[in-house]
Amino acid sequence: MDSILKVEGLSFKYSNSKEYAIRDISFEAKQGEILCVVGANGSGKSTICNALVGLIPHYIDGEREGTVKIFNENTAGLKMGELVTKIGLVFQNPFNQLSYTTSTVEQELAYGLGNIGVPRDEMVLRIQKIAKRMRIDKFLHKNPLELSGGQVQRVALGSSIVMDPDIIVLDECTSQLDPMGSEEIFDIIKDLNQDGKTIILVDHDMEKVARIADRVMVLHEGELAAIDTTKNIFGNLAMENYAIAVPDFTQIGLSLQDNHLYNGEPIMNEQEAIAAAKKVLYS
Amino acid sequence: MKKEKTGFIGGIKAEFSTMALVLIPICAGINLVGGSIAAALKLPLFFDLIGTVLAAALAGPWVAAMVGLLTNVFLALVSNPIYLPYALVGIIVGLVTGYMIKAGFFKNVWKMIITSLVATAISVVVASSITVFVFGGATGATGSSIITAGLVATMGSIWQGVLTSALINNLIDRGIAFIIAYMVLKKIPKSFVSKYQQPSLE
Amino acid sequence: MAKKSGTFYEPLDSPIERLDPITKFVAIFALGLSSVVFPSVFIGYVILLGLFFVAYKAKILKKFAKFIIGFAIPIMVMLFFIQGFYNPDNVTIIADLGFAQLGLEGILKMLNIVGSLLVFLGSFYITTKTTDTGRMVASFQRVGITGKAGYLILATLNVIPQMQKKVSVIQEAQNSRGLETSGSLKTRLKAIVPLIGPLIMGSLIDVQERGMTLEVRGFGMKGIKQTNFVQAEEAPVDKKIKRLFLIYFLLIIVASIIIRFNLI
């Protein structure tokens with residue numbers, strides 16, 4: 001797979017802070033993969049997200065070093081308006097991701113398109129397509145402020161996808177939602193990934209990360225601690241050093257391993273857990 | 001980030017960053033919910049200035065002027081069109097407060113009180129002018145119109161009556177609004193304040 | 001003061017609603033200014049009759065009548081008193097109450113002021129009740145206001161009702177927790193900051209995040225003609241009405257000059 005995103009030596013210090021929030025981060029994301037970013041609070045996850053989408057340095061002041069390249073193009077030379085069609089962002093609070101300029105979901109989805117001058121006919125086509133995908137086609141004519149948090153978050157995701165970016169950055173986008181709403185967002189993320197979108201996902205729910213990620217990147221105090229396949233990260237890394245909980249299924253597998261009952265691959269989800277359990281029981 | 005000095009107009013434009021633009025409607029909202037909170041505490045006050053003062057301190061005079069304007073535009077659209085002419089009061093109070101804060105008149109309690117008195121005096125004069133020139137002396141829409149009429153009768157002059165009524169209405173209300181804004185601003189972490197344009201709260 | 005949400009407009013599908021918002025603003029200024037410049041106390045009231053007809057066409061006659069009466073009667077009573085007795089220009093005394101004299105000049109001034117105000121506020125009222133703000137801003141943008149100005153108008157109308165809702169939730173919570181709303185003036189004043197402080201802090205976090213949202217939606221895009229999902233085209237009838245108002249206004253100006261300077 002080709003590299004779509006290449007980060008080299010990225011460091012950032014907020015203008016009101018004495019210490020760097022992230023230091024010398026380098027990694028690549030492959031086209032069409034789901035790369036999860038994990039780490040304790042304050043490890044620099046959000047800072048990386050904001051730097052990837054260009055909010056650093058365009059919106060947030062500070063000292064930035066290093067480069068972010070999308071399709072080999074250095075994003076430092078691009079304006080926000082040009083970046084939004086390459087890389088999108090969805091973050092935590094659903095209600096802070098509305099433009100507050102529209103009275104229907106349909107208009108809300110069109111807002112970003114209007115800013116970059118997409119003709120109305122094309123807006124309509126894109127919105128129809130996205131609304132189905134985001135499962136918001138039933139309330140296109142409702143006022144976004146009257147929707148539930150989960151619904152608004154789907155509108156936010158839709159507002160980002162409608163710009164047709166190649167990469168979508170999701171910064172703890174389900175942490176304020178109830179389990180149902182969160183599950184629905186994860187389903188949509190999988191769909192989008194199957195459509196070929198590259199996903200950069202920050203999340204603290206390791207069960208979900210283990211289930212969805214192709215690769216995992218671990219941050220610790222602003223530095224890149226490790227980046228590897230999900231199995232290698234959860235199976236082999238001493239996660240407690242980074243204040244990260246190992247997924248329960250993986251934990252069971254590791255315990256079995258410690259007791260010499262299991263010596264297969266690290267376990268990432270319930271299917272693998274069942275398979276491993278069968279193996280242990282019948283051996 | 002380094003800011004270039006590009007003269008008066010350039011300075012005004014620089015005030016209106018994306019964050020400042022988002023701040024404006026929210027400060028207009030703070031102006032209006034201050035009144036709801038006062039009502040919940042059964043205080044006969046409006047505090048319809050807290051958001052303007054915050055905007056002046058955080059983002060500058062022209063952003064504050066915009067807050068004053070839009071607060072009244074909102075009231076005119078949703079509640080009653082008679083609020084529209086009084087938008088001028090909001091604009092001027094925003095500008096005066098903003099420029100005084102810029103000149104350092106918010107650094108301690110006494111300077112803040114001076115700013116609040118100046119802003120109140122100017123708002124009394126502007127509001128009275130609107131009441132006299134646009135509405136002929138009273139809007140008839142609020143309880144204070146009756147006070148105004150009473151004062152006009154006792155003082156025998158339209159101008160004196162309207163000015164006195166506006167002074168009574170504004171002095172305590174605006175003063176307390178300033179004190180609240182000052183107290184809240186002192187509690188906001190510095191890192192937050194510095195995200196806007198101006199370093200005016202040293 | 002307005003506590004309810006921004007539901008000042010409800011679609012009623014009337015011919016007035018279908019007009020281009022710019023046309024309505026042209027009408028406000030043409031009618032309002034004409035009532036100010038034309039040297040007669042009656043012009044305002046004649047236009048007001050017309051506005052009643054427009055309100056009927058707009059299917060808001062009842063609301064409009066309520067607004068006009070609610071505004072006109074108190075201000076007329078107040079100004080009858082203030083201007084009638086205390087206008088410094090009063091010369092022609094039509095009644096003497098001993099402690100004060102009722103002057104004709106003051107009464108005419110009152111009628112003049114109220115007439116013009118009724119035209120301005122009445123036509124503004126009809127416009128706001130028949131115009132979707134999204135469409136209003138879209139047509140403003142058509143004639144040249146910037147995306148930033150459009151943002152400010154729309155965001156104000158959407159943000160404030162949401163904040164008012166939030167405050168009423170906080171209030172209910174505080175009341176059920178037994179907030180001191182009955183204590184002395186001092187204790188109640190002291191309660192303000194704990195109530196409003198968190199609200200302001202929360203709002204400032206909102207500001208930062210909503211700014212981020214605008215940025216990642218391409219808000220700062222320059223050098224490109226922005227497009228709008230909300231359609232705001234000018235119909236042929238709008239052009240005609242605008243032209244009529246322009247002609248009307250010019251005629252009023254000419255007539256006013258002739259009358260004021262006794263040119264005929």
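Residues numbered from 1 in each chain as written. Chains lettered and ligands numbered in written order. Predicted model: local features only at pLDDT ≥ 70, side-chain atom pairs only at ≥ 80, totals over all residues. Heavy atoms only, no water.

Overview of the overall build of chain A
Link 1 in the chain: Counting secondary structure elements, chain A contains eleven helices and ten strands.
Link 2 in the chain: For 283 residues, the compact-globule formula gives about 19 Å, and the C-alpha radius of gyration of chain A, at 20 Å, lands near that figure.
Link 3 in the chain: With the principal axes as the frame, chain A shows a C-alpha extent of 65 × 45 × 35 Å.
Link 4 in the chain: Out of the 283 residues belonging to chain A, those deemed buried represent 53%.
Link 5 in the chain: Restricting to contacts in chain A with at least 6 residues of sequence separation, those with at least 24 account for 67%. (Helix = DSSP H or I, 4+ residues; strand = E, 2+ residues; numbered from the N terminus. Rg over C-alpha atoms; globule rule 2.2 N^0.38 Å. Buried < 20%, exposed > 50% of the residue type's maximum accessible area, 1.4 Å probe, protein only. Contact = heavy atoms within 4.5 Å.)

Re the sheet that holds strand 5 (residues 73-74) of chain A
Residues and elements named next belong to chain A.
Link 1 in the chain: Spatial ordering of the open sheet is given by 2-1-4-5, a layout of four strands whose pairing is antiparallel. Looking along the sheet, the strands with just one partner apiece sit at the ends: strand 2 (22-30) and strand 5.
Link 2 in the chain: As defined by bridge partners, strand 4 (residues 62-70) adjoins strand 5 across two bridges and the pair is classed as antiparallel. Residue Ile 70 lies in a different strand from strand 5, and its bridge partner there is Glu 73. (Pairing = 2+ DSSP bridges.)

As for the nonpolar core
Link 1 in the chain: Within the largest apolar cluster, 214 residues are counted, with the highest numbers of intra-cluster contacts made by Leu 5, Leu 52 and Leu 157 of chain A together with Ile 50 of chain B.
Link 2 in the chain: Take this core: its biggest share by element is 14 residues, from helix 2 (residues 18-40) of chain B.
Link 3 in the chain: Counting 13 residues, the second largest nonpolar core, distinct from the first, contains Val 152 of chain B together with Ile 82, Phe 85 and Leu 102 of chain C. (Core = buried A, V, L, I, M, F, W, Y, C linked by side-chain atoms within 4.5 Å.)

Structural notes on the UniProt feature "transmembrane region" (unreviewed entry) in chain C
Link 1 in the chain: UniProt feature "transmembrane region" (unreviewed entry): in the numbering of this structure it lies at residues 25-55, 67-86, 106-126 and 244-263 of chain C.
Link 2 in the chain: Here residues 25-55 of chain C is 84% helix and 0% strand, with 15 Å between the C-alpha atoms at its ends. (UniProt positions renumbered as here; feature names shortened; annotations may be inferred.)

Regarding the sheet that holds strand 9 (residues 215-220) of chain A
Residue and element names in this part refer to chain A.
Link 1 in the chain: Across the sheet, six strands lie side by side as 6-7-8-3-9-10; this open sheet has mixed pairing. Looking at strand neighbours, the two that pair on one side only are strand 6 (87-90) and strand 10 (223-229), the edges of this open sheet. Neighbour-to-neighbour, the strand axes of the sheet open up by a mean angle of 15 degrees, direction not taken into account.
Link 2 in the chain: In this structure, strand 3 (residues 34-39) lies alongside strand 8 (residues 198-202), joined through four bridges in parallel fashion. Considered in strand 8, the bridge of Ile 34 is made with Ile 199.
Link 3 in the chain: In this fold helix 7 (residues 179-194) packs onto strand 3, strand 7 (167-171) and strand 8, with an angle of close to 150 degrees to the strand it touches most, strand 8. (Axes fitted to C-alpha atoms, helices over the stretch in contact; angles between N-to-C directions.)

Regarding helix 7 (residues 147-176) of chain C
Link 1 in the chain: Between the first and last C-alpha of helix 7 of chain C there are 43 Å, a value that for 30 residues agrees with the 44 Å anticipated at 1.5 Å per step.
Link 2 in the chain: Along helix 7 of chain C, the sharpest kink reaches roughly 30 degrees, centred on Ala 155 of chain C. (Expected span 1.5 Å × (residues − 1). Bend = angle between axes of the 7 residues up to and from the residue.)

A look at the packing of aromatic side chains
Link 1 in the chain: According to the stated counting rule, one finds 16 aromatic pairs over all chains in the structure shown.
Link 2 in the chain: Ring centres 5.8 Å apart and planes at 5 degrees place the aromatic pair Tyr 86 of chain B and Phe 135 of chain B in the stacked group. Taken together, the residues span a long stretch of sequence, with Tyr 86 of chain B in the loop between helix 4 (61-78) and helix 5 (87-102) and Phe 135 of chain B in the loop between helix 6 (109-133) and helix 7 (144-155) at a distance of 49 residues. Each of the two residues, Tyr 86 of chain B as well as Phe 135 of chain B, counts as buried.
Link 3 in the chain: Relative to Phe 64 of chain C, the ring of Phe 52 of chain C lies with its centre 5.0 Å away and its plane at 75 degrees, an arrangement referred to as edge-to-face. (Phe/Tyr/Trp six-rings, centres within 6.5 Å; stacked < 30°, edge-to-face > 60°.)

Points about the packing of helix 3 (residues 50-59) of chain B against helix 4 of chain B
When two helices pack together, their arrangement is captured by the angle between the axes and the distance separating the axes.
All names here are of chain B.
Link 1 in the chain: Helix 4 packs onto helix 3 with a crossing angle of 160 degrees between their chain directions and a minimal axis gap of 7 Å. Taken together, helix 3 and helix 4 sit at an angle that is classed as roughly antiparallel. In the crossing of helix 3 with helix 4, the sense of the turn from one axis to the other is right-handed. Only Val 63, Ala 64, Val 67 and Gly 68 of helix 4 make contact with helix 3, whose side of the interface consists of Gly 51, Thr 52, Ala 55, Ala 56 and Ala 59.
Link 2 in the chain: Here the contact of helix 3 with helix 4 is built from residues that sort into six nonpolar, three polar and no charged. (Parallel < 35°, antiparallel > 145°, perpendicular 65-115°, else oblique. Left-handed = near helix turned anticlockwise from the far one by under 90°. Nonpolar A, V, L, I, M, F, W, Y, C, P; charged D, E, K, R; others polar.)

Considerations on helix 6 (residues 149-161) of chain A
Residue and element names in this part refer to chain A.
Link 1 in the chain: For helix 6, spanning 13 residues, the distance from its first C-alpha to its last is 18 Å, which sits close to the expected 18 Å at 1.5 Å a residue.
Link 2 in the chain: By the criterion of burial, helix 6 is predominantly enclosed, with eleven of the 13 residues buried.
Link 3 in the chain: Turning to helix 6, its buried residues are Gly 150, Val 152, Gln 153, Arg 154, Val 155, Ala 156, Leu 157, Gly 158, Ser 159, Ser 160 and Ile 161.

Side note on the interface of chain B and chain C
Link 1 in the chain: Taken together, the contact pairs 63 residues of chain B with 64 residues of chain C.
Link 2 in the chain: Here chain B and chain C share an interface that buries about 5,700 Å² over both sides, 82% of which is from carbon and sulfur atoms.
Link 3 in the chain: On the chain B side of the contact with chain C, Leu 41, Phe 74 and Leu 77 of chain B bury the most area, a combined 12% of that side's loss.
Link 4 in the chain: Between the two partners, chain B and chain C, sit zero salt bridges.
Link 5 in the chain: Counting the contacts that link chain B with chain C gives two residue pairs in polar contact (both at pLDDT 80 or more).
Link 6 in the chain: Ranked by residue count, the leading element in the side of chain B that touches chain C is helix 2 of chain B, at 17 residues. (Buried area = accessible area lost by both parts, 1.4 Å probe. Salt bridge = Lys/Arg side-chain N within 4 Å of Asp/Glu carboxyl O. Polar contact = N/O pair within 3.5 Å; in protein donor to acceptor, adjacent residues only side chain to side chain.)

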